[in-house]
Amino acid sequence: MPVRLRMAMHGRRHHRIFHLVAINQRTRRDAKPMELLGIYDPALKLGETHKTVKWSVDRIKYWLGVGALPSKSVVKLLECGGVLPPDSKYHPKALGPRSGTESSQDTPSGSTSSPVTTSAAS
């Protein structure tokens, strides 16, 4: 059963809060999680200058240790909070390009391309 660390959206419209959860990868976004790991409130309240994040670092590191994969937004949040280093193996740039997204150069139907010649040494 593949486990992911991802965000579940809660709250009313324009006043969302996000729960950081460990959940089966194949379930829907707001399904019942295996474990609630933290709460992220992106809204600023009166007099506050920072967004609120409450999480259990020990449990997050446990789930990462047993093989749970964090989503891109969770990786960004954990890097900002200092739980993951910026050059971690979960960083999207460290993963490399996704398979199937190779860019193929399309040539116009009327153009010709020069053949590539190779020389073999005897």
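Note that the structure is a prediction, hence the values are computed from the model and not measured. (Residues numbered from 1 in each chain as written. Predicted model: local features only at pLDDT ≥ 70, side-chain atom pairs only at ≥ 80, totals over all residues. Heavy atoms only, no water.)

What about the overall build of the chain?
Quick reminder of the rule: In DSSP terms, a helix is any run of H or I states spanning at least four residues, a strand is any run of E spanning at least two, and both are numbered starting from the N terminus. Three exposure classes are used, based on accessible area relative to the maximum for each residue type with a 1.4 Å probe and protein chains only: buried under 20%, partly exposed in between, and exposed over 50%. Should any heavy atoms of two residues lie within 4.5 Å, those residues are counted as being in contact. We get accessible surface area from the Shrake-Rupley algorithm with a probe of 1.4 Å; when it comes to residues, only the shown protein chains can shield them.
Of the regular secondary structure elements, the chain holds three helices and five strands. Listed N to C, the secondary structure of the chain is β-β-β-β-α-β-α-α in terms of helices and strands. Out of the 122 residues belonging to the chain, those deemed buried represent 27%. Residue pairs in contact within the chain that sit at least 24 positions apart in sequence constitute 30% of those at least 6 positions apart. For the chain, the accessible surface area stands at approximately 9,600 Å², while carbon and sulfur atoms represent 53% of it.

A look at the nonpolar core
We apply this condition: Only buried Ala, Val, Leu, Ile, Met, Phe, Trp, Tyr and Cys residues count toward a nonpolar core, and they belong to the same one when joined by side-chain atoms within 4.5 Å.
If you look at the biggest cluster of nonpolar residues, it comprises 18 residues, and the most contacted ones within it are Leu5, Leu20, Leu37, Ile60, Trp63 and Leu78. Mapped by element, the contributors of at least two residues to this core are strand S1 (3–10), strand S2 (17–24), strand S3 (35–41), helix H1 (57–65) and helix H2 (72–81). Here this core gets four residues from one element, more than from any other, and that element is H2. Among residues more than four places away in sequence, those in contact with Ile60 are Leu5, Leu20, Leu37, Trp55, Leu78 and Val83.

Describing the pattern of salt bridges
The condition that has to hold: We define a salt bridge as a side-chain nitrogen of Lys or Arg found within 4 Å of a carboxyl oxygen belonging to Asp or Glu.
Taken as a whole and judged by the stated rule, the model has three salt bridges. The closest approach of N and O atoms between Asp30 and Arg29, which form a salt bridge, is 3.1 Å. A salt bridge links Lys45 to Asp41, with the nearest nitrogen and oxygen atoms 2.6 Å apart. On the basis of relative accessibility, which here comes to 44%, the residue Lys45 falls in the partly exposed class. Using a relative accessible area of 13% as the deciding quantity, one classes Asp41 as buried.

Re the packing of aromatic side chains
To keep it simple, the criterion reads: Stacked, tilted and edge-to-face pairs are distinguished by plane angle, under 30 degrees for stacked and over 60 for edge-to-face with tilted covering the rest, among Phe, Tyr and Trp rings (Trp via its six-membered ring) whose centres lie within 6.5 Å.
All chains considered together, the criterion is met by two aromatic pairs. Ring geometry for Tyr62 and Trp63: centres 5.5 Å apart, planes at 75°, overall edge-to-face. Overall, Tyr62 belongs to the partly exposed group, its relative accessible area being 39%.

Regarding the sheet that holds S1
In plain terms, the rule: Only strands that DSSP links by at least two bridges are regarded as paired with each other. Comment: axis = line fitted to C-alpha atoms, over the contacting stretch for helices; angle = value between 0 and 180 degrees taken between N-to-C directions.
The strand order across the open sheet built from five strands is S4-S3-S2-S1-S5, with neighbouring strands paired in mixed fashion. Single-partner strands in this sheet number two, and they are strand S4 (52–55) and strand S5 (69–70). Pairing analysis gives four bridges linking S3 to S4, with the strands arranged antiparallel. The partner of Gly38 across the bridge, within S4, is Trp55. Across the sheet, H1 lies against S1, S2, S3, S4 and S5, angled at about 120° from S3, the strand it touches most.

A look at H1
Filter applied, for reference: Working definition: the arc comes from the directions between the helix axis and the C-beta atoms, pointing outward to the latter.
Along H1, the positions that sit buried rather than exposed are Ile60, Trp63 and Leu64. Each buried residue of H1 lies within a common arc of 100° when the element is viewed along its axis, so the set occupies one face. For H1, exposure combined with an orientation more than 90 degrees from the buried face picks out Asp58 and Gly65. In this fold, the buried residues of H1 make contact with S1, S2, S3, S4, S5 and H2. A positive backbone phi angle near 110° is found at Gly67, which sits one or two residues after H1.

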